[in-house]
Amino acid sequence: MMETISLGGLTPKVFLRDYWHKQPLLIRNALPGFKGLLSRDELISLACCEDAQSRLVVQKNGQWRLKHGPLNDQDFTRLPKKQWTLLVQDVNHFLPSARELLSRFRFIPHARLDDLMVSYAPKGGGIGPHFDSYDVFLLQGQGSRRWQVSAQLDDAFVENAPLRILKNFYLEQEWVLETGDMLYLPPKYAHNGIAEDDCMTYSIGFRAPSYEELLTQFLVFLQDRISAEGRYSDPDLQLQSHPSILSAAMLSQVQMILRKIKWNRNDIEDFLGIYLSEPKSHVFFEQPAEPMRLRDFIQLVCKNGIELDLRSRMLCVRNKFFLNGEVFSGSVEAYRILIKLADNYELTAIKNMDDETGGILYQWYMNGYINLKN
Ligand code: SIN
Ligand code: CO
């Protein structure tokens, strides 16, 4: 299992208490020996790939231009020497080393983790002063970057710009981060990162659904679970002088019917597990090309172990497991094994595996959610 990233001498507990969601923290040499996970050219190839989500931002004469991926070679041939930046989201879906990097942040629950975004910028490049709605750890890869931050409340954005750039940025503090240094920023903390030279930044990003998202998604979830007997009826219908008016009696009856929408803790568990483990809309899983038979599969699982597909999201509550938007219940025995897979993204060789756990794993293998380890 990967070691936790250094928090500059703080324990994760103290970091959560004093910094998480509260104030920035600069950590020099957070990952000694870190050289980055991919080169500039590899990042460009990834940005040109259909499945990756990328953005190319160019600054010219005080104007900002933004192009969403998939990008192509030509997008990179006509770029100015300075002041542009390429950002690629979900790099952990492509590189095992990126998921390993994320696993160094296991002091934050998986449910809060979003992705690893990697950016490249030549000297002067950046995406301008802005703030994000989420917490972020900005780990410096190759090169160096000047980070300027501000606790300002003024959140007015430049009008008509393709990116949300702060109109006024009141610089309060700045640091130059070298390879392996890391800056933690709480949500809504204004920041501006300017490349000092050829520079790559690794952003470990978190997710926090808005109330509106949660409420609307919960209603979508509930609609499949609701069942009710009965039908609107009005044996005591009163004569109305305006037939177009919705009467108080009708409104009250519907109000009563709506009270039949009920949910319990179990529904909330299922909703949250399904919602938070749901793959992003562009992610699709495929069956293995030549699937193994159950018996052979189990034998190899016990011998070599398995790992979650890089794009899989797995969460759990009580005896329930959520994998890529689906819920599975298991016995205590299954829990003992599967919780390790959920926590560590992998299972090394297993000594004793019961049939139920084997069956669940085989189903996940057939769905393309897990892969055998070599
Ligand atoms: C970047 O890597 O250029 C931007 C990261 C951020 O500001 O969130
Ligand atoms: Co940002």
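Residues numbered from 1 in each chain as written. Chains lettered and ligands numbered in written order. Predicted model: local features only at pLDDT ≥ 70, side-chain atom pairs only at ≥ 80, totals over all residues. Heavy atoms only, no water.

Caption draft 1: A look at the site of ligand 1. By nearness alone, every residue bordering ligand 1 is listed as Leu87, Met117, Ser119, Ile127, His130, Asp132, Leu138, Arg145, Trp147, His191, Thr201 and Ser203. Measuring from an oxygen atom of ligand 1, one finds a side-chain N or O atom of Asp132 at 3.3 Å. Within the side chain of His191, a nitrogen or oxygen atom sits 3.2 Å from an oxygen atom of ligand 1. Out of a free accessible area of 260 Å², ligand 1 has 96% covered by protein chains. Its atoms largely coinciding with the cavity grid, ligand 1 occupies the largest pocket. For the shell around ligand 1, the secondary-structure elements that each account for two or more residues are β5 (113-121), β7 (145-150) and β11 (199-206). Class assignment of the residues belonging to the shell around ligand 1 gives a composition of five nonpolar, five polar and two charged. (Near = heavy atom within 4 Å. Polar contact = N/O pair within 3.5 Å; in protein donor to acceptor, adjacent residues only side chain to side chain. Areas by Shrake-Rupley, 256 points an atom, 1.4 Å probe, with all protein chains shown as cover. 1 Å grid on protein atoms, 1.4 Å probe; cavity = no way out; pocket = protein on both sides within 12 Å on 5 of 7 lines; lining within 4 Å. Sits in = over half its atoms within 2 Å of the grid points. Helix = DSSP H or I, 4+ residues; strand = E, 2+ residues; numbered from the N terminus. Nonpolar A, V, L, I, M, F, W, Y, C, P; charged D, E, K, R; others polar.)

Caption draft 2: Spotlight on the side chain of Asp270. Inspection of the secondary structure puts Asp270 in helix α7 (residues 265-277). Residue classification places Asp270 among the buried positions, given a relative accessible area of 6%. Those residues in contact with Asp270 that sit more than four places away from it in its chain are Phe221, Arg225, Lys320, Phe322 and Val327. (Buried < 20%, exposed > 50% of the residue type's maximum accessible area, 1.4 Å probe, protein only. Contact = heavy atoms within 4.5 Å.)

Caption draft 3: View of the coordination of the cobalt ion (ligand 2). Within the protein, His130 (NE2), Asp132 (OD) and His191 (NE2) serve as the donor atoms for the cobalt ion (ligand 2), at 2.1 Å. Here the donor residues of the cobalt ion (ligand 2) are spaced in sequence according to H-x1-D-x58-H. Here His130 is found in the loop between β5 and β6 (136-140), whereas its partner His191 is found in strand β10 (residues 190-195), with 61 residues between them in sequence. Exposure class is identical for His130 and His191. Each is buried. (Donors = N, O, S within 2.8 Å, 3.2 Å for Na, K, Ca; no water.)

Caption draft 4: Region of interest: the sheet that holds strand β1 (residues 25-27). Spatially, eight strands are ordered β1-β9-β6-β11-β5-β4-β2-β3 in an open sheet, and the strand pairing comes out antiparallel. The open sheet has two free edges, formed respectively by β1 and β3 (63-68), since each of these has just one partner strand. For this sheet, the mean inter-axis angle between neighbouring strands, taken without regard to orientation, is 20°. Relative to the sheet, helix α2 (residues 40-47) contacts β2 (54-60), β4 (84-88), β5 and β11, its axis offset from that of β4 by approximately 65°. (Pairing = 2+ DSSP bridges. Axes fitted to C-alpha atoms, helices over the stretch in contact; angles between N-to-C directions.)

Caption draft 5: Expanded view of the sheet that holds strand β12 (residues 306-308). What the three strands build is an open sheet, ordered β16-β12-β17; its pairing is antiparallel. Strand pairing shows two members of the sheet lacking a second neighbour, β16 (346-347) and β17 (370-372), which therefore form its edges. Strands β12, β16 and β17 of the sheet are contacted by helix α8 (residues 294-304), whose axis makes an angle of about 75° with β17.

Caption draft 6: Inspection of the domain arrangement of the protein at higher detail. Under the domain assignment, the protein is made up of domain 1 (12-206) and domain 2 (209-222 + 264-374). Placing the centre of domain 1 and that of domain 2 at their C-alpha centroids yields a distance of 30 Å. Facing 16 residues of domain 1, the contacting portion of domain 2 comprises 16 residues. Summed over both sides, the interface of domain 1 with domain 2 buries roughly 1400 Å², with 48% coming from carbon and sulfur. When residues of domain 1 are sorted by the area they lose upon contact with domain 2, His93, Arg99 and His110 head the list and together hold 49% of the total. For the pair domain 1 and domain 2, the number of links is two salt bridges. One salt bridge connects Asp114 with Lys280, and the closest N-O pair in it is separated by 3.1 Å. Scanning the region where domain 1 abuts domain 2 turns up eight residue pairs in polar contact (both at pLDDT 80 or more). For the side of domain 1 that touches domain 2, the secondary structure elements donating two or more residues are α4 (96-102) and β5. Top contributing element to the side of domain 1 that touches domain 2 by residue count: β5, with three residues. (Domains from an automatic or database assignment. Buried area = accessible area lost by both parts, 1.4 Å probe. Salt bridge = Lys/Arg side-chain N within 4 Å of Asp/Glu carboxyl O.)

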